[in-house]
Protein chains: 2
Amino acid sequence: MVSQAVHDFSGIFAPRLGGRLITAAGALAHYAPKEAYHDTQPPEMVVQPTSIEEVQDIVRHAARLGITLVGWGAGTSLEGNAAATRGGIAVDFSLMNKITEVSGEDLLCVVEPGVTREQLNADLRDSGLFFPVDPGANATLGGMISTRASGTTTVRYGSMRDNVLALKVVLPDGRLIKTGTRARKSAAGYDLTHLFTGSEGTLGLIVEATLRLHPRPEATLAAIWDFSSEQGAIDTVAMAIQCGITPARMEFLDRSAVDACNRMSALGLPDRPMLFLEFHGSSAEVDAQLAMVEGIGRDLGGGNLQYAKTEEDRNRLWRARHQALPAARALRVGSVAWVTDICVPISKLGGAMAHARGLIDAAGLVAPMLGHVGDGNFHVFFILDPKAPDEWSRASAVNKAMIEYAIAAGGTSTGEHGIGLGKRQALLDEHGSDAVALMRTIKQAIDPMNIMNPGKIFMDGEE
Amino acid sequence: MVSQAVHDFSGIFAPRLGGRLITAAGALAHYAPKEAYHDTQPPEMVVQPTSIEEVQDIVRHAARLGITLVGWGAGTSLEGNAAATRGGIAVDFSLMNKITEVSGEDLLCVVEPGVTREQLNADLRDSGLFFPVDPGANATLGGMISTRASGTTTVRYGSMRDNVLALKVVLPDGRLIKTGTRARKSAAGYDLTHLFTGSEGTLGLIVEATLRLHPRPEATLAAIWDFSSEQGAIDTVAMAIQCGITPARMEFLDRSAVDACNRMSALGLPDRPMLFLEFHGSSAEVDAQLAMVEGIGRDLGGGNLQYAKTEEDRNRLWRARHQALPAARALRVGSVAWVTDICVPISKLGGAMAHARGLIDAAGLVAPMLGHVGDGNFHVFFILDPKAPDEWSRASAVNKAMIEYAIAAGGTSTGEHGIGLGKRQALLDEHGSDAVALMRTIKQAIDPMNIMNPGKIFMDGEE
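As the structure is a prediction and not an experimental result, all values here were calculated from the model.

Chemist: Quick one: what's the story with the interface of chain B and chain A, residue by residue and with numbers?
Modeler: The figure often quoted for interface size is the accessible area lost as the parts come together. Contact residues are listed per partner, giving 79 residues for chain B and 79 residues for chain A. Interface area, chain B with chain A, both sides summed: about 6400 Å², of which 59% is carbon and sulfur. Interface area lost by chain B to chain A is led by Arg184(B), Lys185(B) and Tyr190(B), which between them contribute 16%. There are eight salt bridges connecting chain B and chain A. Where Asp434(A) meets Arg175(B), a salt bridge forms, and the shortest distance between an N and an O atom there is 3.5 Å. Where chain B touches chain A, the interface holds 28 residue pairs in polar contact (both at pLDDT 80 or more). Contributing elements (two or more residues each) for the side of chain B that touches chain A: helix 6 (154-157), helix 7 (160-163), strand 9 (176-180), helix 8 (192-196), helix 9 (230-242) and helix 17 (424-446) of chain B. For the side of chain B that touches chain A, the element with the highest residue contribution is helix 17 of chain B, accounting for 13 residues.

Chemist: Tell me about the relation of the copies chain B and chain A, residues and numbers included.
Modeler: Once chain B has been moved 0.0 Å along the axis and rotated by 180 degrees, it coincides with chain A to within an RMSD of 0.0 Å. With respect to symmetry, the two chain copies, as superposed, fit the operation of a two-fold axis. When the interface residues of chain B are mapped onto chain A, 100% of them are again interface residues, pointing to one common binding face.

Chemist: Help me get a handle on the packing of helix 17 (residues 424-431) of chain A against helix 18 (residues 433-446) of chain A, residues and values and all.
Modeler: Residue and element names in this part refer to chain A. Where helix 17 meets helix 18, the axes come as close as 6 Å, and the angle between the chain directions of the two elements is 120 degrees. By the angle between their axes, helix 17 is oblique relative to helix 18. Residues Leu427, Leu428 and His431 of helix 17 form the contact with helix 18, whose participating residues are Ser433, Ala435, Val436 and Met439. Partitioning the contact of helix 17 with helix 18 into residue classes produces five nonpolar, two polar and no charged.

Chemist: Hey, could you go over the nonpolar core for me, with residue numbers and the actual values?
Modeler: If you look at the biggest cluster of nonpolar residues, it comprises 179 residues, and the most contacted ones within it are Leu211(A) and Leu211(B). Top contributing element to this core by residue count: helix 17 of chain B, with eight residues. For Leu211(A), the residues in contact, after removing those within four places along its chain, are Leu107(A), Leu108(A), Cys109(A), Val111(A), Leu120(A), Phe131(A), Leu141(A), Ile145(A), Met160(A), Asn163(A), Val164(A) and Leu165(A).

Chemist: Break down the sheet that holds strand 13 (residues 249-253) of chain A for me, citing the residues and quoting the values.
Modeler: Residues and elements named next belong to chain A. Ordered in space as 15-12-14-13-17-18-16, the seven strands form an open sheet in which the pairing is antiparallel. On the outer flanks of this sheet lie strand 15 (302-308) and strand 16 (336-339), each paired with one strand and no other. Along the sheet, successive strands turn relative to each other by an average axial angle of 20 degrees, direction set aside. Pairing of strand 13 with strand 17 (residues 369-372), which is carried by two bridges, proceeds in the antiparallel orientation. Considered in strand 17, the bridge of Leu253 is made with Leu370. Running over the sheet, helix 11 (residues 283-297) touches strand 12 (219-227), strand 14 (274-281) and strand 15 and is turned about 150 degrees from strand 14. Each of strand 13, strand 17 and strand 18 (377-384) touches helix 15 (residues 349-363); the most contacted strand, strand 18, lies at about 10 degrees to it.

The rules behind the values
Residues numbered from 1 in each chain as written. Chains lettered and ligands numbered in written order. Predicted model: local features only at pLDDT ≥ 70, side-chain atom pairs only at ≥ 80, totals over all residues. Heavy atoms only, no water. Contact = heavy atoms within 4.5 Å. Buried area = accessible area lost by both parts, 1.4 Å probe. Salt bridge = Lys/Arg side-chain N within 4 Å of Asp/Glu carboxyl O. Polar contact = N/O pair within 3.5 Å; in protein donor to acceptor, adjacent residues only side chain to side chain. Helix = DSSP H or I, 4+ residues; strand = E, 2+ residues; numbered from the N terminus. Least-squares fit on C-alpha atoms with pLDDT ≥ 70 in both. Axes fitted to C-alpha atoms, helices over the stretch in contact; angles between N-to-C directions. Parallel < 35°, antiparallel > 145°, perpendicular 65-115°, else oblique. Nonpolar A, V, L, I, M, F, W, Y, C, P; charged D, E, K, R; others polar. Core = buried A, V, L, I, M, F, W, Y, C linked by side-chain atoms within 4.5 Å. Buried < 20%, exposed > 50% of the residue type's maximum accessible area, 1.4 Å probe, protein only. Pairing = 2+ DSSP bridges.

Written out as structure tokens, the structure is:
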């Protein structure tokens, strides 16, 4: 069912875009976000622009016709961030996937928004550089900017917040602006780069990004380490961070997550909570950092610490971490995963994880836990039967209580997945109604017709 | 000459504030920013609040009466950022100078806006922690947030952009909001923390900040190194950054700056351009980093490298850097310094500095140069006779040409001083009229009466 406005839009753009304007129901179904716990629906139409000028043209006509627009990357977001809940048009950036420039001299690259992080790193393979932010999924960089994504390496290299130097954005009236510069810092005017980073497509469409790159470390050391208790593992992490150790990755899998990995792949890991560590630096530095962490964890229940320096050995050691989500899903045939995302100050992490585990057990749910614990961020994977609504409501209650705990502890309802549809109430609880009202004031000033991904971040009374 | 509105305000607040409401001309003169090349004038009145509630009350009444408000920290800004160009009231935060909390566990502190960076670091002395951002002047943290300040340590620890976790802000209508959380990262809604950081008091008054702290390094190694050419020194810096070396400080003084220091203090430094370096880490790491930099610079004209590990020896080595500004001023009795502030991508730094030196020499000006070169940021200190308008117009032309060069090189007109009054045209040149129009849209939405530091960042036709 296509609205009159979208029909009119099609009349203008079908001749120009040809096969890059999509209306077939089967093809549109692909654009209902996956892996989310939200009811989703496809957009009325999809367009696949190939240039900034084409995006501007699309936006101008959409604005004139009052059509809502949702940017689309890889569809890997987890809070319904890119769901076309009001119909309208999805702007699919998959054909805008050129790496325009890589500068080893200035440690930056310029990319179109549809470039994925794996594509970028494959392209950088022979450059001595890499782009660090790793949310797990092979998301597009445009999508990662839009949700202020982070992941396993954020403990050392920061999140998208820290790795975007400049953007080009098409505003809701079709104007093109650039934010930021190629310099490493600037004090020139309002920080529009950070305003758009994490705005989830509600203020405009990101059409180009200048990103920071990092030199590949001379040495990379990976390690896995089992602990007699979850508390011991988390205390080891907290003390390492407090001592100023900067691991490149510092991941935690609880006993239930380790068990899931063992079941799927017979990895033979001990049935205990584990830390997955990686260090970057000179060969001497990575050895020294591992020794410091080992010194901390020895007294806190650390067991058999295994480490590896070659890429092949590292990958083998880290296999459990890489496959944690599919392994968790494999615990129940036909299940669906709902992934939570709180982040707390490091001193509150042990308490937050113990609180979550208590709630999960009391609710009788299957839910491995893992986390980017160096950042105070962890995820519960609720493994749910899609046909058991009672399970979903119990998971929802646990998620709600976890968020309340995080906010009371001075933390956040979302470390890296964004607000989307799923955490709009949490945003109010976290920041208060006056701060959220200020965000809405900004939204209304920049997008007065509310055509850019409406209904996300804010509840606006239309549902 | 006090306006009727300010007179009415005084009628309400004089009984409440007593000596914390200042109208004596002699006292007000203190609030005309120093060190700036702008015509300044004192505000009509100064208030010194002692609590957030008092700030809210002041803002509510000012809004009702249409009185403009300018936040006041230490008065060390360099672009007229805190000048009361439209009269009104300066809100002096010097009595809101409490360090509310220091958390070693979560590596953060909570401060009132009037706390200075030296005060904070003195308070942290026995905590094993420090706050790294060092703009030179003993600025207040509220002021440093407002101008998105950075400085000598930004190459390793980032600028205020990277070290503010959360803020409390009184909005132009008196409402209090909080932005951000105590967690190390968040994807919850628009990034208001970064919107206020660098907004120069034009969107509200910052009344509390939660800042990141860093563990004191195990070892600190300082070094100074003379070079046969400026290009060789700058190339050494660029290659070190490109190799992923992360010095804690990496400062450059050109021959003219070194000469000024020698004249003032008979330091006996060689009459050559110099790098001032500092490394933080384990004892082995700092040695390794220095060795790597030395390996790079040896072939690029590096001369006699001196280094020191004890605090006393480090301070002795770095004396020239610490006194560069007074030494430059001492080159001419009765002179005034005008400090420029461009920042470029690291590959353009050598070209930008050579371009600046050529312009300075052609203009016949006395102007040592130094820079936070690891960030691509450098300053020209024009040492000018306040009674020689021709010198000022030549300096202005050089500054303008430097800014044009920086923007053409993909850099910024201001690395760390902000826009204030002095760079409003540069902001337009740098970001373009549409991006600046978007900034104004945000300003108008948040401060529709334009009472918050009006006339800064944007030219609004009233002067």
